Structures are given as structure tokens and as C-alpha cells.
Amino acid sequence: MKPTTFLLPLILCAGTLPLQAAEVFEAALGRETELPQGKEADGIRGDFVLRSDKVEAVISQNAPNRRANMSTFYGEDGVTPGCLYDLTLRGAANDQLVVYGPCGHGHVSYVRMLESKEADSAAVESVTTAGKNGGVFKRHEYRVKDGVQGVFITTTLRNETDKPQKVNTKADLTRFDSTGMTADGIFWADAINPAHKCGYAISGLKITGAQNVGDTLELAPKQEVIIERFFAVGTSPAAAVGEFRSVKSGMEMGVFEAQIVHETPRGAADVKVMVPDGKEGKVPVPAYTDGEGRLSLKLPAGNGQLDVIGRDGRHFTQPADVVAGETKTVVLHIPRPSGIRFDITDDSGKSIPCKAHFKPLDEGAPKLDLGPKWRAHGCVDQYHSEKGQFTVHLPPGKYRTVVVRGPEFSHLEQEVIVEPGLEAMLKGTLKRLVDTKGWISADFHNHSTPSGDNVCDTDGRIINIAVEHLEFAPTTEHNRLYDWEPTIKALGLESFIKTVKGMELTGSRQHFNAFPFEPVPFTQDGGAPVWNDDPRITALTLRRWQGERADRWIQFNHPDLANMFTDRNSDGIADGGFVGVGGMIDGSESQNGPGTDILAEAPFKLTRPQGSLAMKVSTSREFAWRQLLNQGLRVTAVGVADAHSVYGNGVGCWRCYLPSSTDEPGKIDWAELAPHAKAGHIVLSTGPFLEVTTQNGKIAGDDDRATGSIDLKVRVQCTDWLDINRVQVLVNSRPDPTLNFTRESHPQMFQDGVVKFDQKIHIPLQHDAHLIVVATHETMTQEIGFGTSDYGRMRPCAYNNPIYVDADGHGFTPNGDTLGFDLPIGGLNADKVKAKLIKAGVMKAEEPKPAANGDAPKKPKA
């Protein structure tokens, strides 16, 4: 479709005062607050800030362990001093760069500011002397100039030995998902979230002393090579490419300006424009209109066709005829975008956070692509909103539309027809169905982009937490003390989510979550401690960091329980593990991510990945936890998402319920919750709300006293899109066949309303026993709650931490039962595991079939 086009001068913003001339300064002595900001901003006290009237940048200082984040590069040599950390347009607070190292990364000799003879430029140099670099002198100069939208980078490499030396010249650049290369060799990168409207472009300007430079370069004795590059920044990749080309001579350029509007004079904000590049325009580079629908690009002289993509995904073509040295200005009229407008409230009529997901119903309709999985406002085929009033733009067509807000609320499901250029209306109420009074839902382990191993927007993570109705979520970024509270407040979600400041301390083996702490502004890692390979040292460090406090929570994350408690070298020989570590932590994740093996009857999973001839061995963390409980290890089980994205690996798969004196998230006090958590008063769930109470009022984690038997009051609630069909009691970690209740075998015990199960279960006891109740559905999945995400395949499941029953009056004594298998050790291969499974009668002697979805082999149920 071709839009209507008019030539019309644009009225651009004017009247602003000129910015200060180029300068360089150390971010210290009160100037730390002038560090550039943005999604990936990583400057700290002592780094160097370069500023011109167009851009601002950060060059990292030479300090111990200087890294942009945990995952920039790993290992002792993974440090990145003397690198370009941040680059954004002046005053935009929109850095999207993690790090750029012109010739890789590693230790340097020094980083310092340079005196500039020109008033309109400023520079920083990073030098690695030949003595510290295998005989090769290396210098990077970073320079900004007024009027130029980027950073000039000049690298000098000189072999100061009498022998040839090979050096690395491959640049490190991280992290971007959408990148490309223009026909003339300019590398471009788009922001992870295109809505942030930032793009970069970089390439070489000149090489002196060599014909060309690849990823490596061999320098002859005394040979010197100088590589000049330009790193441009713009409001889009296409804008940045234009800035690069305007700096590099040899190409005739002009300016193309456009105002894109709908049929009304209103500007078409956030429209994507693909600019052709390469032979026959087959390598398009993205650009974006601003909030008023305006677009300004520096383009090569000539004729071209722009692909204009409306917010609803419809395409339009527009000629772009550019004359060298001139500005072409046009107005483009495109139809209004189609979509669905939502108005979602709770029972009281209050706007609430919620999530909508969409399934195209028209035959042949393509899969939806509302945006990257890393953001909330449009991720794959979902939209997560911090409030109930929002609009999702969609291509015209018919959609099955589902709106949810976690497992305690009802859902809305409608078929919606979206007409071209119109917005359909979906208005409704999400009712609070599940009564969790006296308990709050929590997830102790999640991440966003400051962690470094992901690029999820922090505001996207917070919105994701809110829409899944998690009420308490500590801040647990990798290797960085951080605080989500400012983001929660900026989104207006203070009444929905409570956080405390904390971290995940991460290394090559056992990871830890710990909170609360206080981040130290403008310092490396926010003042966080350093991980140690011995988990006892790490646990003790976290316990004492910033002073001991009664509410400090320390947990194992996704632990290898065999390594921690039975085989510390993972060499297949039981050695007792890290003796004493169990008493130094408060909890340990038994559930991390979707799925569960809580009812598995073997400690191993033996599967054959698709396309592989070899069998794969993995262990069941839940089974190992059950074995260790019988050895007297009282470690509170925790269920978490460990989310790194919004769609797919978002929050909401596993959560914890724990007692709280308030049901208002904004009033949650971790100091009050901490004793409950440390006492094991936690129920783990993928959705069902499970309550387990003894006849004496004891709950998960408590000790109780009974003679001959004990009664458990078991109550399970589910929202209108969840159900359970089995309740199984584990006695001393073993599923008791006489305490296995299913809808098929005991239909009278189950109900069809919100309350699915509400029964007193009589449990005979001759010896001390710990009791776990598992409520699950063995076939139901959760597509209504999670759509096409992997979480949609989860089974509803909930279970409590053990209740410890003293049956003889001498105090609780664990029975030592290892559940038919030796305690877990490392170093097991498929043949050894198969032999153990056959010996235990869990597997027949013939070769097993691959287990579906990685489920552990199970014996038939009694």
C-alpha cells in the first residue's frame, strides 16, 4: 500500500541553549551524578566521562576487578578497564551499550585524561605497555568532537621486540540481538528494546602501517600499525549509519526528513521505517519515528524505497529521493493502526496490572511478533501492563484473547475481531477467587539487565512480577547490590509489590541469593562481596557483610546437592561434601524454573535428546532433597522462577507462599517475614494454594508431637483456569500408597469450585516422621495462564515444607532412609545410572525410551 505524500517544511525544535563545549572529567568529587544514564549505564566513581555538544560517553578506569557487569567476560582476565562502557546522545539518558573493547579486553597499564589543544574536542587514552603485553605496546585513544555524533577511536599497536608478534585486533562488543552490516562495511546494532530508540554504527576510517586488519595481526619487529575507527550513535541504527557516513569522506550524502501522520493530523509515533541498503536494497536498516511521528536521516544521494511499518504491522512504501547536500522534507499519510483497547479492573473497579496473550484464528495468519521476549510492553504474542488500561496494536484479523493476573484471579477469554484502522474494546473484571488471607506470594530469585547474563528491561521485570501477582520479590541481580524500589515507584506499583535490596553472588560453582543489604552508590558491583569456591566461605561472607542482622536470608540457588553435601570434588567418591554448610544457609531451591520431580521415585533422569544417539544423565534435585531430609538436614525448600526474560523464562512458574500479618503488599515488612521463612513456613506452588495444618495448628516447617497418629487438615484452592486431581502424602519422603488420593479413586474427596480439596487426612504413625503433602494435576497444563510460553506446559502443583512429628516424646529423629538409592554423588555416566535404575526396579533391562519432557522415570502409582 502506498501512502499519500506531500512536500512540507517541518517545524523542528528550536530555541534551546547550546550545550557546553567538549570536555573530559573524572567522575569524582561530586561529579559522579553527571555520569550518563540509560538501560545499560555502568559508570562508577573514578571512571572518565567524555562529553561534546552531541554525545556523552564513559571510559572505564583502571581499577581492580573493573567490569561492566558479571557476564561481560568471565575469568580472571575478564576485566574491562580502558573500554567504552557507555555512549548516548547528550542529555538523552539512553545508553544501550554494555561494553566496547577496540582490540578485546584485559588488564591495562593505565587510563588517563588527555590535554586537548582544540577547544572543541576532548580525549581519554588507555595504554598497555609492551612489558605487560608480551612485547607489544597498545594504546587506545577515545575522542569526542563538538558537532560530531559519536566517538573517534584510534588504536596504536607497536611491536617493541626483535621477533614477530601476533596480536588480537578483534573488537569486543556486547550485547545486541539485532545487528547487521551495510554494503560498505558498517556494522550496526539496534537497542534490545526498539522502543528505547537508540542505535549504534561502527567501522574503520583508516589503517596506517598495514594493508588490512582482520581478527588478528602479525607485527614484524618494530612495526607500528594505527587503526582509526568511528563509533556513531543515533536514535536508530539507520540514524547512526548516517552519522558514520557523514564522518567518513567519499560518499555524497543528503538529508531525508519526514513527518508520518495518520488520516488525522496526529503524528504517527513509534513507526518503524526500514531503510534499504546494499545491492538492490536487500539489507535494510531500521529507523523509528519519534513521539510526534518525525524522522530525520542522513542518506546516500540517490533514489530508494522506504518500507514503512505501522504499529499494527501493516506495510507501506515511500520513495526516498535524496540529493547530495540538500534536505528533502515530506509528509506521509498512513492509516490509523488497528488493535485492541483494554479496560481491566478488579472486583472493586480498581485498575490492576494484568497480562494479555493472543492467538491468531484466521487461516494462514502468521505468528505474532509484538516485540522481543526481554520487554513487557509487547513480547512475542503477549503484552504485560502495569495498569488495566492499555492498547495493543495488532494486524487486522480474529484473535483468541486471554487476560490473566496470576493464579489467584479469574481470567477473561474472548474472540475479538480487529478491523483495519479500528480499535476493538475488551472491558472486563478479573475477580479475586482464591482466598489467601494471612499469606503472601513471593519469589526470591529473579533478574534483569544489571545482572549481565540477560538484557531484560528492569521495568519489564517489575511489570512481569506485578502481572503474575507476586507480592514480595527481593532484588537479586547477579554480583551486584541493587534496588528495584525506584523502578517500582516510577511504575506506580508500590501498592502491588514489595522488594528489599539484595543480590545473587555467583561464580563457577554454587550460587547464593542473599538479602537485605544496602547498595553503595558509584562503586564496583554496588559494593558487593566477591564469590569464593568454598560455599562455606561465601555463606560466612554474606552473613557478615555490612554487619550481621537477624533478617539476613541466605539460600542456595539451583544447587548441585551431591556436590554440596556428599561429593565435594564431584569425582564419584562420597566424601561428606562441604561439611557444615547446611547450617550456614537458610534455604535451598528445590524448584527452579518450570516442571518438578517432587514425586519422582529415582534420583536420576535418563533421556536421549532429539537427534542424539547418546543418553543424557541429569539428577533430580527434589529426590536428593528428600533423601537429605531423612539424614537430618533441615534445609527449607524454596521454589523460584529465576527469570531472565519476560516471555518464556519470566516469573510465575514457581512461587512461595508464606505467612504475613498483612495482605497489602505495600505494607509487607521483610523483618516480619524472615522468621517465618527461616522456620520453613513456606509452601511451594505453580498455582494451587495449598494449606496444610496439623490437629495442633502446626504448619509447614514446624515440629509437632503426636502418639500413634496425627490428623492433617489439607485444603487446596485453584482459580478458574487451574485444577488438581491428586493429593499425595509423603511420609519420611516416601509416597505412602495408602495416602494417595485421586479424583478417580476418591471422587468424593474432590470438588469442582474454587476449593478443590478440603479434607482431614488421618495418618497412622509408629515412628517419628516428617510429612509433605503434594497436590497436583497429572495431565492439565497452563496455556490459559501462560499462552505459548514454555510455562504453558507446566502441571499445576503445590507442596509444603515438611512438618516434623515426634511420635515417641524423645524429640524428632530422622530415620536415615535413602529411598532405595545411595546418596547422590558426581561422575555418573549413562551406563552407571542405567544399572542403578535397573537394580532398583525402576527401569527394565532393555534400553529405555526417552522420557517425555525430561520427566524422571516413575513406578506405577499404587
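My aim in this report is to walk through the structure given alongside it, one point at a time. The shown structure was predicted, so the numbers you read here are calculated from the model rather than taken from an experiment.

**Some words on the sheet that holds strand S33 (residues 503-505)**
Phase 1 of the analysis: Strand order in the open sheet made by the five strands is S33-S34-S35-S36-S39, with mixed pairing throughout. Of all the strands in the sheet, just S33 and strand S39 (636-640) have a single pairing partner and so form its edges. Direction aside, neighbouring strands of the sheet carry axes that sit 35 degrees apart on average.
Phase 2 of the analysis: Bridge count for strand S34 (residues 511-515) against strand S35 (residues 553-557) is five bridges, and the pairing is antiparallel.

**Some thoughts on the pairing of strand S4 (residues 55-59)**
Phase 1 of the analysis: With respect to burial, S4 is a largely interior element, five of its five residues being buried.
Phase 2 of the analysis: Every second residue of S4 is oriented toward a common face, with Val55, Ala57 and Ile59 on one face and Glu56 and Val58 on the other, all of them buried.
Phase 3 of the analysis: Judged from the four bridges that link them, strand S3 (residues 48-51) and S4 form a sheet pairing that is antiparallel. Paired with leucine 50 across the two strands is alanine 57, which belongs to S4.
Phase 4 of the analysis: Taking the residues that link successive antiparallel strands as the turn, the S3-S4 hairpin has three residues.

**Examining the sheet that holds strand S44 (residues 709-717)**
Phase 1 of the analysis: Sheet architecture is open: three strands sit in the order S42-S44-S47, paired in antiparallel fashion. Both edges of this open sheet fall to strand S42 (689-694) and strand S47 (755-764), since each of them pairs with a single strand only. With direction set aside, neighbouring strand axes in the sheet form an average angle of 15 degrees.
Phase 2 of the analysis: Pairing of S44 with S47 involves nine bridges; the strand directions are antiparallel. Bridge pairing in S47 places glutamine 717 opposite valine 755.

**Quick notes on the pattern of salt bridges**
Phase 1 of the analysis: If you walk through the whole model with that rule in mind, you get 45 salt bridges.
Phase 2 of the analysis: The residue arginine 536 makes a salt bridge to aspartate 534 at a minimum N-O spacing of 3.0 Å.
Phase 3 of the analysis: On the basis of relative accessibility, which here comes to 23%, the residue arginine 536 falls in the partly exposed class.
Phase 4 of the analysis: Judged by relative accessible area, which is 18%, aspartate 534 ranks as buried.

**Some thoughts on the packing of aromatic side chains**
Phase 1 of the analysis: A full pass over the atoms with the stated rule returns 27 aromatic pairs.
Phase 2 of the analysis: Measuring from ring centre to ring centre gives 5.5 Å for phenylalanine 444 and tryptophan 553, while their planes differ by 70 degrees; the resulting arrangement is edge-to-face. Taken together, the residues span a long stretch of sequence, with phenylalanine 444 in the loop between strand S32 (439-442) and helix H2 (458-467) and tryptophan 553 in strand S35 at a distance of 109 residues.
Phase 3 of the analysis: By relative accessible area, which is 0% here, tryptophan 553 ends up buried.
Phase 4 of the analysis: Each ring, one from phenylalanine 556 and one from phenylalanine 565, has its centre 6.1 Å from the other, and the planes form 55 degrees; the classification is tilted.
Phase 5 of the analysis: Among the aromatic residues, those joined into a cluster by ring pairs are Phe444, Phe472, Phe515, Trp553 and Trp670.
Phase 6 of the analysis: Between arginine 158 and the ring centre of phenylalanine 137, over which it is positioned, the NZ or CZ distance is 4.4 Å.
Phase 7 of the analysis: Across the ring face of tyrosine 804, the terminal group of arginine 634 is positioned such that the distance to the ring centre comes to 3.6 Å.

Rules used in this analysis
- Residues numbered from 1 in each chain as written.
- Predicted model: local features only at pLDDT ≥ 70, side-chain atom pairs only at ≥ 80, totals over all residues.
- Heavy atoms only, no water.
- Pairing = 2+ DSSP bridges.
- Helix = DSSP H or I, 4+ residues; strand = E, 2+ residues; numbered from the N terminus.
- Axes fitted to C-alpha atoms, helices over the stretch in contact; angles between N-to-C directions.
- Buried < 20%, exposed > 50% of the residue type's maximum accessible area, 1.4 Å probe, protein only.
- Salt bridge = Lys/Arg side-chain N within 4 Å of Asp/Glu carboxyl O.
- Phe/Tyr/Trp six-rings, centres within 6.5 Å; stacked < 30°, edge-to-face > 60°.
- Lys NZ or Arg CZ within 6 Å of the ring centre and 35° of its normal.

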